[in-house]
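Descriptive analysis of the structure
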Amino acid sequence: MIKRELGRSGLMVGPLAFGGNVFGWTADQAMSHRLLDAFVDAGLNLVDTADVYMKMHAGNRVGQSEEIIGAWLAQGGGRRDKIVLATKVGIEMAPGESGLSKAYILREVEQSLRRLRTDRIDLYQSHRDDPATPVAETLEAYAALIRQGKVRAIGASNFSVERLGEALRLSREAGLPRYESYQPWYNLYDRDKFEGPEQELCRRENVGVISYFSLASGFLTGKYRKAGDLEGRARAYRVKDMMDARGMRILAALDEVAAAARATPAQVSLAWLVAHGVAAPIASATRPEQLAELIGAANLTLSADAVARLDAASA
């Protein structure tokens, strides 16, 4: 199973990342641990979460995903050394508790380390930009954490191309740590959110890409094809607008390519991202059979004709 270096970080990841956004939401702790074990047993290693997960869902609390991962790591068996552990900082945890100031990052990293039950975070990511904080201040905070051995590398998510470019320039000029990864909203349906200047910047600067919403909230698995398919689905509110003519055209192309490759639409969708330079698309699973399907994408390479067919259908 081929892994790629994430930017110039020395972290070898891919070709699939497990999204911890389901831990404590649609997967309880026991199931989350079962899925993490299966993920690692398959030879995959990048586990992505955030301090704020699962605040956005009723009945959940901030830090719950990190706590579930921490409980899994605490079981031992070499689990910590088998994964590249990625988490994020910046989105509001409580009133007045957010942003990318040095004081906040240095305080919040200790909470993440405690919840994760580890002494280090392999990839610490700015969850979204903080225009109120100078870029240099944020990077100086990360520099301190890297010197202390609490963080190995840093990444960014949800930045404008201008601010990401500014951060990379400042890192180069001031000798500060640089964002080695970028996490964009990117999939076969949502292409315009990343393709263009952001993608070109990442390629030019050798910034590793870790896409989120890689399966468009499940739409690209092909399980949503008519209104009735949305009933009782936790993510239906995100999917309904994709069920348009373009969406159906994409699903038809996925069906065609999947049949020829003896794969599934979900596997083809993830392989398409890898073909477009994504180091490790993030995908989530709540059941073992879902995870087994996703793992199958790690060994799928699309032909140039298949990629072109999907490009045309999703244009």
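That block above? That's the structure.
Description of the structure in this document.

**Thoughts on the layout of surface pockets**
- Estimates place the volume of the second largest pocket at around 290 Å³.
- In terms of lining, the second largest pocket is formed by 16 residues, of which the most central are Pro 15, Val 274, Ala 298, Leu 300 and Thr 301.
- Top element by residues in the lining of the second largest pocket is helix H10 (residues 265–275). It accounts for 3 residues.
- Of the residues belonging to the lining of the second largest pocket, the class tally is 12 nonpolar, 3 polar and 1 charged.

**Considering the packing of aromatic side chains**
- The tally for this structure, following the rule as stated, stands at 12 aromatic pairs.
- Judged by centre distance (5.4 Å) and plane angle (80°), the rings of Phe 18 and Phe 39 are edge-to-face. Of this pair, Phe 18 sits in strand E3 (residues 17–19) while Phe 39 is found in helix H1 (residues 29–41), placing the two residues 21 residues apart along the sequence. In terms of burial, Phe 18 and Phe 39 fall into one category: buried.
- Between Trp 185 and Tyr 212, the aromatic rings sit 6.2 Å apart at their centres with planes inclined by 45°, giving tilted as the arrangement.

**Section: the pattern of salt bridges**
- Following the criterion strictly, the structure yields 20 salt bridges and no others.
- Put simply, Asp 119 and Arg 120 hold a salt bridge, and the shortest N to O gap is 3.1 Å.
- What makes Asp 119 exposed here is its relative accessible area of 52%.
- For Arg 163, the salt bridge is made with Glu 166, and the minimal N-O distance between the two is 3.8 Å. Here Glu 166 and Arg 163 lie together in helix H6 (residues 161–174), a separation of 3 residues that amounts to about one turn.
- Look at Glu 166 and you get partly exposed, because its relative accessible area is 30%.

**Quick word on helix H9 (residues 245–261)**
- Compared with an ideal rise of 1.5 Å per residue, which puts 17 residues at 24 Å, H9 spans 24 Å between its outermost C-alpha atoms and is within 8% of the ideal.
- Of all the residues in H9, the buried ones are Gly 247, Ile 250, Leu 251, Ala 253, Leu 254, Val 257 and Ala 258. The buried residues of H9 occupy an angular sector of 165° when projected down its axis, which confines them to one face. Exposed residues on H9 whose side chains face more than 90 degrees from its buried face are Ala 245, Ala 259 and Ala 260.
- The secondary structure elements touched by the buried residues of H9 are H10 and helix H12 (304–314).
- Positive phi shows up at Arg 262, right after H9, with a value of about 55°.

Rules and cut-offs
- Residue indices follow the written sequence of each chain, beginning from 1 at its first position.
- Where local features are concerned, this predicted model is filtered to residues with pLDDT of at least 70; where side-chain atom pairs are given and counted, the filter is 80 or more; whole-chain, interface and lining totals use all residues.
- Remark: hydrogens and water are excluded; side-chain values derive from all non-hydrogen atoms of the structure.
- Cavities and pockets are defined on a 1 Å grid built over the protein atoms alone: a cavity is a set of grid points where a 1.4 Å probe fits but cannot escape, while a pocket is an open set with protein on both sides within 12 Å along at least five of seven lines, and lining residues are those with an atom within 4 Å of any such point.
- Grid points are joined across faces, edges and corners, and a volume is the space filled by probe spheres set on the points.
- Runs of H or I in DSSP of at least four residues are treated as helices and runs of E of at least two as strands, each being numbered from the N terminus.
- Under the scheme applied, nonpolar residues are Ala, Val, Leu, Ile, Met, Phe, Trp, Tyr, Cys and Pro; charged residues are Asp, Glu, Lys and Arg; polar residues are all the others, including Gly.
- Centre distance within 6.5 Å is the pairing criterion for rings of Phe, Tyr and Trp, where only the six-membered ring of Trp is used; planes under 30 degrees apart are then read as stacked, over 60 as edge-to-face, and the remainder as tilted.
- To sort residues, take the accessible area from a 1.4 Å probe on protein chains only and compare it with the maximum for the residue type: under 20% means buried, over 50% means exposed, and anything in between is partly exposed.
- Salt bridge, as applied in this entry: a Lys or Arg side-chain nitrogen positioned within 4 Å of an Asp or Glu carboxyl oxygen.
- Here the expected length of a helix is defined as 1.5 Å per residue gap, with one fewer gap than residues.
- Arc definition: directions from the helix axis to the C-beta atoms.
- The contact rule is simple, with two residues in contact once any of their heavy atoms fall within 4.5 Å.

Nothing here speaks to function; it is all geometry.
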